[in-house]
Amino acid sequence: MALLEILEFPDPRLRTVAKPVTEVTGRIARLADDMVETMYNAPGIGLAASQVNVHERLLVLDVSDNKDSPLVLINPEIVVAEDEIETSEGCLSIPGFYEPVFRARKITVNAVDREGETFTLDAEDLLAVCIQHEMDHLDGKLFVDYISNTKRQLIRKKLLKQQKQRA
Ligand code: NI
């Protein structure tokens, strides 16, 4: 397995709309494994392929306490969304910043797993929020799109400065 580089806001590549995965090949399974390793290493609870500059509809997550229950969702589709919840969200592509965002509290998602089998998942609370956050990435959307323009510009400026200092 390999650690992948995570793109950081405001990298324009994060705005790419990902294409559906047409077939779950060995390449896709390896990508999923590498993304799980990259997510645990970061550490984070979710990672979308868009964040590692692969623009295909695949995401991984693990909201378990022991970090022993990775989930792989390929071509995820939300078929039911109910209730509302506001949580403080962060993102591996926007390190160090957390802002409140409203999401559906309960969702039902259809997706394909790492073995190419379709499945349906009922998710609530943190897992539901995480899936919606990662699915946004596949559409080129980031959690900072839900906050005020002023706050987003401030985060953008601070991150650009950090990225410059690192380079
Ligand atoms: Ni994110």
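The notes below deal with the structure included here. Every chain is numbered on its own, with residues counted from 1 as its sequence reads. Local features in this predicted model are restricted to residues of pLDDT 70 or higher, and side-chain atom pairs are both shown and tallied only at a pLDDT of 80 or more, whereas totals for entire chains, interfaces and linings draw on every residue. Values reported for side chains reflect all heavy atoms of the structure, with hydrogen atoms and water molecules removed beforehand.

With four bridges connecting them, strand β2 (residues 58-61) and strand β3 (residues 71-82) associate as antiparallel partners. Bridging across to β3, leucine 58 finds its partner in isoleucine 74. Any two strands with at least two DSSP bridges between them are considered paired. Numbering of helices and strands runs from the N terminus; a helix is a DSSP stretch of H or I covering at least four residues, while a strand is a stretch of E covering at least two. As judged from the six bridges shared by β3 and strand β6 (residues 106-112), these two strands associate in the antiparallel manner. In the sheet register, alanine 81 faces β6, and the bridge partner there is isoleucine 107.

Quick look at the pattern of salt bridges now. Side chains that differ in sign of charge can pair as their charged atoms come close. When a carboxyl oxygen of Asp or Glu lies within 4 Å of a side-chain nitrogen of Lys or Arg, that pair is called a salt bridge. Taken as a whole and assessed by the stated rule, the structure comprises 14 salt bridges. When the shortest N-O distance is used, the salt bridge between arginine 103 and aspartate 136 registers 2.9 Å. In this pair, arginine 103 sits in strand β5 (residues 99-103) while aspartate 136 sits in helix α2 (residues 125-138), placing the two residues 33 residues apart along the sequence. Per residue, the accessibility class of arginine 103 equals that of aspartate 136, and both read buried. Classification of residues uses two cut-offs on accessible area relative to the type maximum, computed with a 1.4 Å probe and protein chains only: under 20% is buried, over 50% is exposed, and between them is partly exposed.

For Na, K and Ca the donor cutoff is 3.2 Å, while for all other metals N, O and S atoms must lie within 2.8 Å; water is not among the atoms, so some sites may look incomplete. Those protein atoms acting as donors to the nickel ion are Cys91 (SG), His133 (NE2) and His137 (NE2), and they sit at 2.1 to 2.2 Å. Accessibility expressed as a relative area gives 10% for cysteine 91, which makes it buried. Judged by relative accessible area, which is 6%, histidine 133 ranks as buried.

Between the first and last residue of a helix there are one fewer steps than residues, each counted as 1.5 Å, and that sum is the expected span. Its 16 residues place the ends of helix α1 (residues 26-41) 22 Å apart at the C-alpha level, agreeing with the 22 Å of an ideal helix rising 1.5 Å per residue. Every buried residue of α1 is listed here: Ile28, Ala29, Leu31, Ala32, Asp34, Met35, Val36, Thr38 and Met39. The contact definition used throughout considers only heavy atoms, calling two residues in contact when any of these lie within 4.5 Å. On its buried face, α1 sits against β1 (46-48), β2 and β3.

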